[in-house]
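# Descriptive analysis of the structure
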Amino acid sequence: MNNLTLTLNMLRQRLTVSTIAARCYAAKPVAAVGKKKKLGKLGPIMEKKVIPVETDANKLVNYVCGSNYLKTGEDIKLKPDAEYPDWLWTLNTERIIPLEELDPDTKQYWRRLRKMALRRNNQLSKLKKF
């Protein structure tokens, strides 16, 4: 009987300690007055910031808009075409060159071939059933 009362007392102490510990959590943070944030599955959802878009035609033609990431200063001014290197005007900006049109002796050809093979193998591995 003595052992039974000792074990019951120990169980009571453990239960009271766990309930006291459960009540000692930090208080939930209170949101600022006037700003209510919606709660999603993973917590509060932040509202998206609206980024202003440049509409001044003169500035769009003469400056690289968005190039200044600092709070002070201004965007980079565009130079005349003659001051830029010749290779800049030969870059392909229209479309991706198909594999058949690439020269097999170039590194670009083999990289593209490897990339296509990896994509194909990944697609085939998705189809396999275990």
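The structure this text deals with has already been given above.
This write-up is about the structure you can find in this document. As the structure is a computational prediction, the values presented were derived from the model and not from experiment. (Residues numbered from 1 in each chain as written. Predicted model: local features only at pLDDT ≥ 70, side-chain atom pairs only at ≥ 80, totals over all residues. Heavy atoms only, no water.)

Here the focus is the overall build of the protein chain. Helix and strand counts for the protein chain come out as 3 helices and 4 strands. The order of α-helices and β-strands along the protein chain, N terminus first, is α-β-β-α-β-β-α. Scored against the burial criterion, the 130 residues of the protein chain give a buried share of 4%. Across the protein chain, contacts joining residues at least 24 apart in sequence account for 0% of those joining residues at least 6 apart. On the protein chain, roughly 13,800 Å² of surface is accessible, and the fraction owed to carbon and sulfur atoms is 60%. (Helix = DSSP H or I, 4+ residues; strand = E, 2+ residues; numbered from the N terminus. Buried < 20%, exposed > 50% of the residue type's maximum accessible area, 1.4 Å probe, protein only. Contact = heavy atoms within 4.5 Å. Areas by Shrake-Rupley, 256 points an atom, 1.4 Å probe, with all protein chains shown as cover.)

On to the pattern of salt bridges, then. Here the idea is simple: oppositely charged side chains can pair when their charged atoms come close. Under the defined criterion, the tally for this structure stands at 2 salt bridges. Measuring nitrogen to oxygen at the nearest pair gives 3.9 Å for the salt bridge that ties Glu54 to Lys59. With relative accessibility at 33%, the residue Glu54 sits in the partly exposed group. The closest approach of N and O atoms between Arg95 and Glu101, which form a salt bridge, is 3.4 Å. (Salt bridge = Lys/Arg side-chain N within 4 Å of Asp/Glu carboxyl O.)

With that out of the way, let us pick up a nonpolar patch on the surface. A cluster of nonpolar side chains, contributed by Trp87, Leu88, Trp89 and Leu91, occupies part of the molecular surface with about 460 Å² of accessible area. Note on placement: Trp87 falls in the loop between strand E4 (76-77) and helix H3 (107-127). (Patch = residues over 30% accessible without salt bridge, like charges linked within 9 Å, V, L, I, M, F, W, Y side chains within 5 Å.)

Moving on, we get to the packing of aromatic side chains. One pass over the structure, following the stated rule, counts 2 aromatic pairs. Residues Tyr84 and Trp89 carry aromatic rings whose centres are separated by 6.3 Å and whose planes lie at 85° to one another, so their mutual orientation is edge-to-face. Residue class for Tyr84 comes out partly exposed when judged on its relative accessible area of 26%. On the basis of relative accessible area, Trp89 is assigned to the partly exposed category, the value being 49%. (Phe/Tyr/Trp six-rings, centres within 6.5 Å; stacked < 30°, edge-to-face > 60°.)

With that settled, consider the side chain of Asp75. Positionally, Asp75 belongs in the loop between strand E3 (63-64) and E4. One buried charged side chain, Asp75, makes no salt bridge at all; its nearest oppositely charged neighbour is Lys59, positioned 4.2 Å away. (Lys, Arg positive; Asp, Glu negative; His and termini not counted.)

Counting through the fold element by element, Glu74 comes out in the loop between E3 and E4. Sequence separation between Glu74 and Val64 is 10 residues; the distance between their C-alpha atoms is 9.7 Å.

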